[in-house]
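Topology and contacts: notes
So you can see what is in the structure, the chains are spelled out below.
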Amino acid sequence: MTSVLKESHLDPKKAIFDEVVPSGRGFTHELSAGQIVRIVDLEGNQAVDTLFYNACDLDERYSASDTVRAQRSLYLTTGTKLVSSEGRTMLDIVADTCGRHDTIGGACSAESNQVRYALDKKFMHNCRDSFLLALSRYGRGMSKRDLASNINFFMNVPVTPEGGLSFEDGVSGPGRYVEMRAEMDILVLISNCPQLNNPCNAYNPTPIRLLVWNGT
Ligand SMILES: [Zn+2]
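The sections below set out a description of the structure shown in this document. (Residues numbered from 1 in each chain as written. Predicted model: local features only at pLDDT ≥ 70, side-chain atom pairs only at ≥ 80, totals over all residues. Heavy atoms only, no water.)

On to the layout of surface pockets. There is about 180 Å³ of room inside the largest pocket. Forming the boundary of the largest pocket are 13 residues, of which H9, L10, I36, V94 and E179 lie nearest the centre. Elements with a minimum of two residues in the lining of the largest pocket: strand 8 (89-96) and strand 11 (176-182). Partitioned by chemical class, the residues of the lining of the largest pocket number 4 nonpolar, 5 polar and 4 charged. (1 Å grid on protein atoms, 1.4 Å probe; cavity = no way out; pocket = protein on both sides within 12 Å on 5 of 7 lines; lining within 4 Å. Points joined across faces, edges and corners; volume = space filled by probe spheres on them. Helix = DSSP H or I, 4+ residues; strand = E, 2+ residues; numbered from the N terminus. Nonpolar A, V, L, I, M, F, W, Y, C, P; charged D, E, K, R; others polar.)

And the structure:
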């Protein structure tokens, strides 16, 4: 799927939820079916590691492989259906002013920091720990076993014709956003990536803004 840039007509003043999430912070929020969520890359080039769960059955969760197969593309953009481990559509991407989001790069972790960068990077903040901390605060008994391959909104992981993969400087910019409509009750789990060792955040992690509207 090529990039499909599409703006939204939704008015932030009419949002029922509006919150800024600092970089390095984990975050959970429940959406009702029909609600629309927007993630805004406030300062540009910020990776937003995200997982989705069926809020009524937490064993059903976002599936990167089923999503890639269903849409026959490695990149997510307007029109992409985010598919669950049960093969059902969880959310639809209804607007996107960035044009490309990754779902194969995974989340950074203490282990990947150590392997990719240096032994002494092991204890730096990372998305996997932010996910786990946010899940423990959410309080429904979720843990490591609930983490699956995630989405990296605004992150640029181009795939070469030979199948090569690399983390590149971002294609996003200040104020760009992606917007999704929930097709079922959804638990959103976000780690606003704290990574300082690769260009996914332009070496400068920054805040994001989350807005939610009731469906019309
Ligand atoms: Zn990260």
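After presenting the structure, the write-up continues.
Taking strand neighbours across the sheet as the criterion, the 6 strands line up as 1-13-3-11-8-7 in an open arrangement whose pairing is antiparallel. Single-partner strands in this sheet number two, and they are strand 1 (17-21) and strand 7 (81-83). Put simply, the sheet's adjacent strands are angled 20 degrees from each other on average, direction ignored. Taken together, the 6 bridges between strand 3 (residues 36-41) and strand 13 (residues 208-213) define a ladder with antiparallel strand orientation. Counterpart to V37 in the pairing with strand 13 is V212. (Pairing = 2+ DSSP bridges. Axes fitted to C-alpha atoms, helices over the stretch in contact; angles between N-to-C directions.)

Below, the discussion takes up the coordination of the zinc ion. Four donors placed tetrahedrally about a metal ideally form angles of 109.5 degrees, and six donors placed octahedrally ideally form angles of 90 or 180 degrees. Bound to the zinc ion are the protein donor atoms C108 (SG), C127 (SG) and C193 (SG), situated 2.2 to 2.3 Å from the metal. Mapped onto the sequence, the donors of the zinc ion take the spacing C-x18-C-x65-C. One end of the pair, C108, is in the loop between strand 9 (101-102) and helix 2 (110-116); the other, C127, is in helix 3 (residues 127-138), and 19 residues separate them in sequence. Residue classification places C108 among the buried positions, given a relative accessible area of 7%. Residue classification places C127 among the buried residues on the basis of a relative accessible area of 0%. (Donors = N, O, S within 2.8 Å, 3.2 Å for Na, K, Ca; no water. Buried < 20%, exposed > 50% of the residue type's maximum accessible area, 1.4 Å probe, protein only.)

Once that is clear, we can look at a nonpolar patch on the surface. Taken together, L74, I104 and L165 make up a surface patch of nonpolar side chains, about 230 Å² in accessible area. Position of L165 relative to the elements: it lies in the loop between strand 10 (151-153) and strand 11. (Patch = residues over 30% accessible without salt bridge, like charges linked within 9 Å, V, L, I, M, F, W, Y side chains within 5 Å. Areas by Shrake-Rupley, 256 points an atom, 1.4 Å probe, with all protein chains shown as cover. Salt bridge = Lys/Arg side-chain N within 4 Å of Asp/Glu carboxyl O.)

Turning next to the packing of aromatic side chains. Aromatic rings considered in pairs are described by the distance between their centres and by the relative angle of their planes. Within this structure, the stated rule accounts for 1 aromatic pair. With a centroid separation of 6.3 Å and 50 degrees between ring planes, the pair formed by F17 and F27 is classed as tilted. Taken together, the positions of F17 in strand 1 and F27 in strand 2 (residues 26-31) put the pair 10 residues apart, joining distant regions of the chain. Both residues of the pair, F17 and F27, belong to the buried class. R38 extends its terminal NZ or CZ atom over the ring of Y177, reaching a point 4.4 Å from the ring centre. Here the basic side chain of R100 rests over the ring of Y75, its NZ or CZ set 4.0 Å away from the ring centre. (Phe/Tyr/Trp six-rings, centres within 6.5 Å; stacked < 30°, edge-to-face > 60°. Lys NZ or Arg CZ within 6 Å of the ring centre and 35° of its normal.)

So, about the nonpolar core. Residues I39, F52, L82, L91, F153, M180 and I186 are the most contacted members of the largest nonpolar core, which totals 29 residues. Among all residues touching L82, those that are not within four sequence positions of it are F52, Y62, T67, L76, R88, T89, M90, L91, I93, I151 and M180. Grouped together as the second largest cluster of nonpolar side chains are 12 residues, L51, F131, L132 and L135 included. (Core = buried A, V, L, I, M, F, W, Y, C linked by side-chain atoms within 4.5 Å. Contact = heavy atoms within 4.5 Å.)

Our focus in this paragraph is helix 3. In an α-helix, one turn spans 3.6 residues, which is why side chains three or four residues apart end up on the same side. Relative to the 16 Å expected for 12 residues at 1.5 Å per residue, helix 3 spans 16 Å between its end C-alpha atoms, a close match to the ideal helical length. Within the sequence span of helix 3, burial applies to C127, S130, F131, L132, A134, L135 and Y138. Residues of helix 3 that are buried in the fold lie against strand 2, strand 4 (48-54) and strand 12 (186-192). At the exit of helix 3 stands G139, carrying a positive phi of roughly 85 degrees. (Expected span 1.5 Å × (residues − 1).)

Attention shifts here to the pairing of strand 3. Note on strand geometry: in a regular strand, side chains alternate between the two faces of the sheet. Summarising burial for strand 3: 6 of the 6 residues are buried, a large majority. Side chains I36, R38 and V40 project from strand 3 onto one buried face, and the interleaved V37, I39 and D41 project onto a second face that is buried too. When strand 3 meets strand 11, the two strands line up antiparallel, connected through 6 bridges. Looking across to strand 11, one finds that I36 is bridged to R181.

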